[in-house]
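Here's the letter readout for the chains.
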Amino acid sequence: MAMTVNAAVSLPSSKSPSLSFKNSIAIPERINFNKSILYPRNVSFGGNVISIRAQVTTEAPAKAEKISKKDDEGIVVNKFKPKEPYVGKCLLNTKITADDAPGETWHMVFSTEGEVPYREGQSIGVIADGLDKNGKPNKLRLYSIASSALGDFGNSQTVSLCVKRLVYTNEQGEIVKGVCSNFLCDLKPGADVKITGPVGKEMLMPKDPNATIIMLATGTGIAPFRSFLWKMFFEKYDDYKFNGLAWLFLGVPTSSSLLYPEEFEKMKEKAPNNFRVDYAISREQSNDKGEKMYIQTRMAQYAEELWELLKKDNTYVYMCGLKGMEKGIDDIMTSLAARDGIDWLEYKRQLKKSEQWNVEVY
Ligand SMILES: Cc1cc2nc3c(=O)[nH]c(=O)nc-3n(C[C@H](O)[C@H](O)[C@H](O)COP(=O)(O)OP(=O)(O)OC[C@H]3O[C@@H](n4cnc5c(N)ncnc54)[C@H](O)[C@@H]3O)c2cc1C
Ligand SMILES: NC(=O)c1ccc[n+]([C@@H]2O[C@H](COP(=O)([O-])OP(=O)(O)OC[C@H]3O[C@@H](n4cnc5c(N)ncnc54)[C@H](OP(=O)(O)O)[C@@H]3O)[C@@H](O)[C@H]2O)c1
């Protein structure tokens, strides 16, 4: 059972009116959730920290039978379908990338009145208002949920997204705006939003509170991991207290496009032995060879450590974001595994089977 957080807050964008809440708290344009207000002061984090290196083995482990994360009757899928979507309201919509970032990413919160009961790692569908080019209602687009199941206001009554505004120039030289991402990034507090789902079981969190969870995100692929990390470090539950290692790798183009860095700093302060974060800022950083710092380039700097962690039976890897990242990560894993005479693709198959290698890229 979750302890609900007892401060109801509103997080209005400075430019737009918000719906009214009890205890309204203003935040600046660049998002800055104030955890000391959102969370009870007597919450204890960390505690009996395990030494993760002590559990490392040198051989590929025989995979033990585990309780599947998908094997839980409480997980709801497809409660709302496109023909009868849930209609929520936008409560907050804030640009979280700086003005000089290449592209815009927005964080938004929708009301659900508890009617869209999602889990960390699931997605929802959104149907943008209006008609498509054939005069038919717009089709739904999927978005990874960026809030924990309790939601950003801690009352299980909201769902949040992290959305990149898609704008590109087509072959004719025309500027094209993506239908749903622009609809979402332009939503004003108070506006209706049609929601379907929730969907997806691939990215559900492992049940083991002592697990090592390695999260690999590019851009808005951070969404499910923000959801995981809020549950691990900002919330208190009677039946879940994270005491393993959460290690986040996040790849973005520039430091001005880093997503939720203030939250991750806060997590490091709260649980320095349980949380690590490493950024790969592709257009500002490079490695010793002068190569562009992609997420896999950053991971390569911790190659030995990552490989040792991957041999543990309770290490879970999650990957989310750009499709292109998967190959880059496979390439470094292949070379690491080869040092131990292990065929990576076969090893990955085993990891997938035991739900230790989880990928949602697009
Ligand atoms: C499981 C899942 C989770 C997702 N989660 C998120 C999320 O959390 N946040 C997020 O922002 N997105 C997420 N997405 C992507 C999201 O679903 C949409 O695809 C995205 O927002 C674009 O939708 P749109 O309606 O704005 O664009 P559309 O109007 O659908 O246009 C997209 C189309 O434009 C074309 N196009 C795009 N870029 C270019 C280009 N550079 N040159 C030429 N043509 C191009 C392609 O044909 C593409 O299919 C997720 C996708 C999936 C499958
Ligand atoms: N559940 C899901 O499936 C899910 C959830 C959320 C988002 N997404 C998808 O994830 C993508 C995120 O895009 P974004 O626009 O938010 O990201 P972004 O801000 O453009 O950041 C992406 C980062 O990844 C880098 N990159 C580019 N190619 C790469 C490669 N082959 N390997 C590793 N890194 C690479 C980029 O570097 P450069 O630009 O400098 O090359 C940049 O630093 C979108 O396509 C979105 O649809 C999927």
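Before going into details, it helps to say that this report is about the structure given with it. (Residues numbered from 1 in each chain as written. Chains lettered and ligands numbered in written order. Predicted model: local features only at pLDDT ≥ 70, side-chain atom pairs only at ≥ 80, totals over all residues. Heavy atoms only, no water.)

1. Overview of the overall build of the protein
Selection criterion: A helix here means a DSSP run of H or I that spans at least four residues, while a strand means a run of E at least two residues long, and both kinds are numbered starting from the N terminus. Categorising residues by exposure relies on relative accessible area from a 1.4 Å probe, with only protein chains included: less than 20% of the type maximum marks a residue as buried, more than 50% marks it as exposed, and the intermediate range marks it as partly exposed. Only heavy atoms enter the contact rule, under which two residues are in contact if any of them lie within 4.5 Å. Accessibility throughout is a Shrake-Rupley quantity obtained with a 1.4 Å probe, and a residue counts as covered only by protein chains that appear here.
A count of helical and extended segments in the protein gives eight helices and 13 strands. Of all 362 residues assigned to the protein, the portion counted as buried reaches 54%. The contacts in the protein between residues at least 6 apart in sequence include a share of 75% that link residues at least 24 apart. Total accessible area computed for the protein in this model is approximately 16,900 Å², and 51% of it derives from carbon and sulfur atoms.

2. Quick word on helix α3 (residues 223-233)
Most of α3 is tucked away: eleven of the eleven residues are buried. The set of residues buried in α3 consists of A223, P224, F225, R226, S227, F228, L229, W230, K231, M232 and F233.

3. Focus: the nonpolar core
Looking at soluble globular proteins, one finds that nonpolar side chains tend to be buried together. The criterion, for reference: Here, nonpolar core refers to any group of buried Ala, Val, Leu, Ile, Met, Phe, Trp, Tyr and Cys residues whose side-chain atoms link them within 4.5 Å.
Counting residues in each nonpolar core, the largest one holds 39 residues, and the members touching the most others are I222, F225, L229, M232 and F264. Counting only elements with at least two residues in this core, the list comes to β9 (212-218), α3, β10 (245-252), α4 (261-270), β11 (275-281) and β12 (315-321). Of the residues forming this core, the biggest block, seven residues, is contributed by α3. Those residues in contact with M232 that lie beyond four places of it in its chain are M205, I213, Y240, F242 and A246.

4. Here we look at the pairing of strand β8 (residues 192-199)
Keep this limit in mind: The pairing criterion for strands is at least two bridges between them, as found by DSSP.
In terms of burial, β8 is a largely internal element, six of the eight residues being buried. In the sheet, strand β1 (residues 86-95) pairs with β8 via four bridges, with the strands oriented antiparallel. Paired with K89 across the two strands is D192, which belongs to β8. Inspection of the sheet shows strand β3 (residues 123-127) paired to β8 by four bridges, in the antiparallel sense. Within β8, the position partnered with I127 by the bridge is K194.

5. Points about the site of ligand 1
Quick note on the threshold: One heavy atom within 4 Å of a molecule or strand makes the whole residue count as near it. Between N or O atoms, a polar contact is any pair within 3.5 Å; within protein, one atom must be a potential hydrogen donor and the other a potential acceptor, and residues adjacent in sequence are included only when both atoms are from side chains. Residue classes follow a fixed rule: Ala, Val, Leu, Ile, Met, Phe, Trp, Tyr, Cys and Pro count as nonpolar, while Asp, Glu, Lys and Arg count as charged, and any other residue, Gly among them, counts as polar.
If you check the shell around ligand 1, you find 16 residues, and the closest are R141, L142, Y143, C180 and S181. In this structure, a nitrogen atom belonging to ligand 1 sits 2.9 Å away from a main-chain N or O atom of C162. In the complex, 63% of the free accessible area of ligand 1, which totals 990 Å², lies under the protein chains. At the level of secondary structure, the elements contributing two or more residues to the shell around ligand 1 comprise β4 (141-144), β5 (158-164) and α2 (179-185). No other element matches the four residues that β4 contributes to the shell around ligand 1. When the residues that make up the shell around ligand 1 are grouped by side-chain class, the tally is nine nonpolar, four polar and three charged.

6. Some remarks on the environment of N138
Mapped onto the secondary structure, N138 falls in the loop between β3 and β4. Exposure remark for N138: the relative accessible area of 8% places this residue in the buried category. Distance in space between the C-alpha atoms of N138 and V126 is 9.6 Å, their sequence separation being twelve residues. Not counting residues up to four positions away in its chain, the partners in contact with N138 are I127, A128, D129, G130, L131, D132 and V179. In terms of polar contacts, N138 uses its side chain to reach the backbone carbonyl oxygen of A128, at 3.4 Å.

7. Quick word on the site of ligand 2
Near ligand 2 there are 22 residues, and of these K164, S282, R283, Y294 and E360 occur at the shortest range. At a separation of 3.0 Å, a nitrogen atom of ligand 2 approaches a polar side-chain atom of S144. E360 places a polar side-chain atom, nitrogen or oxygen, 2.8 Å from a nitrogen atom of ligand 2. Considered on its own, ligand 2 offers 930 Å² of accessible surface; in the complex 78% of this is hidden by protein.

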